[in-house]
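Chain by chain, the residues run as shown.
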Number of protein chains: 2
Amino acid sequence: MTLHEVPTLLHRCGDCPIRHRAVCARCDSEELTTLEQIKYYRSYQAGQTVIWSGDKMDFVASVVTGIATLTQTLEDGRRQMVGLLLPSDFVGRPGRQTVAYDVTATTDLLMCCFRRKPFEDMMQKTPHVGQRLLEMTLDELDAAREWMLLLGRKTAREKIASLLAIIARRDASLKLRDAKGPLTFDLPLTREEMADYLGLTLETVSRQVSALKRDGVIALEGKRHVIVNDFARLLEEAGDDSDGGLPV
Amino acid sequence: MTLHEVPTLLHRCGDCPIRHRAVCARCDSEELTTLEQIKYYRSYQAGQTVIWSGDKMDFVASVVTGIATLTQTLEDGRRQMVGLLLPSDFVGRPGRQTVAYDVTATTDLLMCCFRRKPFEDMMQKTPHVGQRLLEMTLDELDAAREWMLLLGRKTAREKIASLLAIIARRDASLKLRDAKGPLTFDLPLTREEMADYLGLTLETVSRQVSALKRDGVIALEGKRHVIVNDFARLLEEAGDDSDGGLPV
DNA sequence: TTCCCCGCTTGATCTGAATCAAAGCAATAA
DNA sequence: TTATTGCTTTGATTCAGATCAAGCGGGGAA
């Protein structure tokens, strides 16, 4: 079992070199053991819905492999993605039973789950898990607010550049970057999903991706594989050079 | 000192009739007492900035009276409000030292503050304060996500109606509504601030407010006082009949 | 009283992104 | 091999909201 196969997320690794969003094999503590005892796995096929908005969610979970999205929908079908779950990300709401958005697997998905009750009991007993969860939630909130700026005020081109920058950064942080070849990654989303995330239409997404390619900001290999030669340039196109690469 | 003058927010009132977002005079517990000991007050004038994005924030606080906004800004000056703080709302990030947005007083503002360190110590000792804070943060995250749907997918008219509905609801919950006259409230924001919240221009806000008035959805008394005769109609105009009235 | 200022409204015009419509392309099935 | 299907690109046109530009109205200062 490799490092990234058990991303419980909830354990902060004191002095070990692995970033604390993934569990580190070298440091296992009491609450990690407790978590091990109550965890179980669930897998979903690409396109399958994990939970519907309003449903009872009786577990919390983190993504092991695959990608899931959180979306909200208006009656007439207009859709807005409100979150993207990559491996090692957490979903769930200790202290809340229902979710306010649909969770959907966009690729085949494996999640590591904990039933809510024992998880909450464990939180009671080991307070720093709760603290960690609070920090994670605050990070998500920051990310959501950054996204509000994007949705409310950025142009289509800036939106695309921002999304590419975020995916690039998150992907790089999972991949333990190999020195300094050009930064490359696969888009985990279709054009339509990108549109739903950015508050655009798929046609506009396609046009702006083409424009960024034409202008040499990115290169493409096939439709999905992106090559970024100059990350600083991409950030500039994104409209804010803030480090914005917060989780979610 | 009336009920709403000490909105520490962090205390959940077991069986008392007051909603738990404001502190209840009837139930005081140990941690409430601890909070009393470390709290202090700060006041700000309308227009004054409480903290700048990136600054160190060495306290957490809740709003006693007045209104504050959270905003993010792009280099070229485009602004997006990402939160609105009304009396009893909480700001601050236990476990984090810097904030990612500007906090500005839009009216004269009185805040009840707790220095971060003793507050965090207190959180350690009384875990349910941490839990409560996690719940509040999760609620804020839900609200932020609902706002993402608004920013990404709603029309200008729907945005205005949504904002009015949210303000109406929050205002009503602070005012202990007097039976069933028509629902009325004062807009706490200028047209420009509304625009910054909704990702619009002030001209568009003005036009759409006029349109809602023309169509009989709302009535105005002066520029700021709003009368809603048919709240259901307003919600319908807002585009989703979800109960959407989550905090923030 | 007058003036000025600020927040607001309204009108005319422009434009970025949406919409409508066709094709292209690559992978899988037949 | 050809057809089918799902995703993507590109073009033509439209339209909601932005931008540019006046003008209004109420409150405070002189």
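Residues numbered from 1 in each chain as written. Chains lettered and ligands numbered in written order. Predicted model: local features only at pLDDT ≥ 70, side-chain atom pairs only at ≥ 80, totals over all residues. Heavy atoms only, no water.

Looking at an unreviewed UniProt entry, chain A carries the name CRP/FNR family transcriptional regulator, with the source organism given as Cereibacter azotoformans.

All names here are of chain B. Alternating positions in strand β11 (residues 225-228) separate into two faces, His 225 and Ile 227 on one and Val 226 and Val 228 on the other, with burial throughout. As paired elements, strand β9 (residues 183-186) and β11 share four bridges and run antiparallel to each other. By the bridge assignment for β11, Asp 186 is matched with His 225. Both strand β10 (residues 219-221) and β11 contribute to a ladder of three bridges, which runs antiparallel. When the sheet's bridge partners are listed, Ala 219 is paired in β11 with Ile 227. (Buried < 20%, exposed > 50% of the residue type's maximum accessible area, 1.4 Å probe, protein only. Helix = DSSP H or I, 4+ residues; strand = E, 2+ residues; numbered from the N terminus. Pairing = 2+ DSSP bridges.)

Let's shift gears to the sheet that holds β10 of chain B. All names here are of chain B. Spatially, three strands are ordered β9-β11-β10 in an open sheet, and the strand pairing comes out antiparallel. The sheet is open, and its two borders are formed by β9 and β10, each paired with just one other strand. Pairs of neighbouring strands in the sheet enclose a mean axial angle of 25°, with direction left out of account. (Axes fitted to C-alpha atoms, helices over the stretch in contact; angles between N-to-C directions.)

What follows deals with helix α5 (residues 191-198) of chain A. Residue and element names in this part refer to chain A. Of all eight residues that make up α5, six are buried, and the element is covered over most of its length. If you check which residues of α5 are buried, you get Arg 191, Met 194, Ala 195, Asp 196, Tyr 197 and Leu 198. Of the residues flanking the end of α5, it is Gly 199, one or two places downstream, whose phi is positive at about 70°.

Attention now goes to the side chain of Lys 159 of chain A. Residues and elements named next belong to chain A. Mapped onto the elements of the fold, Lys 159 is located in helix α4 (residues 156-175). It turns out Lys 159 is buried and unbridged, and the closest side chain with the opposite charge, Glu 158, is 8.8 Å from it. For Lys 159, the side chain forms a polar contact with the main-chain oxygen of Leu 198, separated by 2.9 Å. The residues touching Lys 159, leaving out its near neighbours within four places in the chain, are Leu 150, Leu 151, Lys 154, Leu 198, Gly 199 and Leu 200. (Lys, Arg positive; Asp, Glu negative; His and termini not counted. Salt bridge = Lys/Arg side-chain N within 4 Å of Asp/Glu carboxyl O. Polar contact = N/O pair within 3.5 Å; in protein donor to acceptor, adjacent residues only side chain to side chain. Contact = heavy atoms within 4.5 Å.)

With that settled, consider the protein's contact with DNA strand D. Inspection of the region around DNA strand D gives 16 residues, with Arg 191 and Ser 206 of chain A together with Ala 156, Thr 204 and Arg 207 of chain B positioned closest. Here a base oxygen of DNA strand D sits 2.8 Å away from a polar atom, N or O, in the side chain of Arg 207 of chain B. Among the secondary structure elements, those contributing two or more residues to the surface near DNA strand D are α6 (202-214) of chain A together with α6 (202-214) of chain B. In terms of residues, the surface near DNA strand D owes the most to one element, α6 of chain A, which gives four residues. Along the lines of polarity and charge, the residues of the surface near DNA strand D split into two nonpolar, seven polar and seven charged. (Near = heavy atom within 4 Å. Nonpolar A, V, L, I, M, F, W, Y, C, P; charged D, E, K, R; others polar.)

Another aspect to go through is the protein's contact with DNA strand C. Taken together, the neighbourhood of DNA strand C is formed by 16 residues, with Ala 156, Thr 204 and Arg 207 of chain A together with Arg 191 and Ser 206 of chain B sitting nearest. Among the atoms of DNA strand C lying within 4 Å of the protein, the sugar-phosphate backbone contributes 62%. Between a phosphate oxygen of DNA strand C and a side-chain N or O atom of Thr 201 of chain A, the distance comes to 3.1 Å. Between DNA strand C and Arg 224 of chain B, the relevant distance is 2.9 Å, taken from a phosphate oxygen to a side-chain nitrogen or oxygen of the residue.

Below, the discussion takes up the pattern of salt bridges. Residue and element names in this part refer to chain A. Summed over the entire model, instances satisfying the criterion amount to 32 salt bridges over all chains. With its nearest N and O atoms 3.8 Å apart, the salt bridge here joins Glu 135 to Arg 132. With a gap of three residues between them, Glu 135 and Arg 132 both fall in helix α3 (residues 127-153), about one helical turn apart. For Glu 135, a relative accessible area of 11% translates into the label buried. On the basis of relative accessible area, Arg 132 is assigned to the buried category, the value being 5%. One salt bridge connects Arg 233 with Glu 237, and the closest N-O pair in it is separated by 3.2 Å. A residue pair is termed a helical-turn pair when its members lie 3 or 4 positions apart in one helix, as Arg 233 and Glu 237 do in helix α7 (residues 231-237) at four residues.

With that settled, the discussion passes to the interface of chain B and chain A. A common way to report how large an interface is uses the accessible area buried once the components associate. Taken residue by residue, the interface counts 45 residues in chain B and 46 residues in chain A. Taken together, the two surfaces of chain B and chain A that pack against each other cover about 4400 Å², and 54% of this comes from carbon and sulfur. On the chain B side of the contact with chain A, Arg 145, Met 148 and Arg 153 of chain B bury the most area, a combined 19% of that side's loss. If you look at where chain B meets chain A, you find 12 salt bridges. Of the charged contacts, one joins Arg 78 of chain A and Glu 158 of chain B as a salt bridge, the two residues approaching to 2.8 Å between their closest N and O atoms. Counting the contacts that link chain B with chain A gives 22 residue pairs in polar contact (both at pLDDT 80 or more). Going through the elements one at a time, β4 (68-73), β5 (79-85), α2 (116-125), α3 (127-153) and α5 (191-198) of chain B are the ones with two or more residues in the side of chain B that touches chain A. Ranked by the residues each element gives to the side of chain B that touches chain A, the list is headed by α3 of chain B, at 19 residues. Residues that form the side of chain B that touches chain A fall into these classes: 19 nonpolar, nine polar and 17 charged. (Buried area = accessible area lost by both parts, 1.4 Å probe.)

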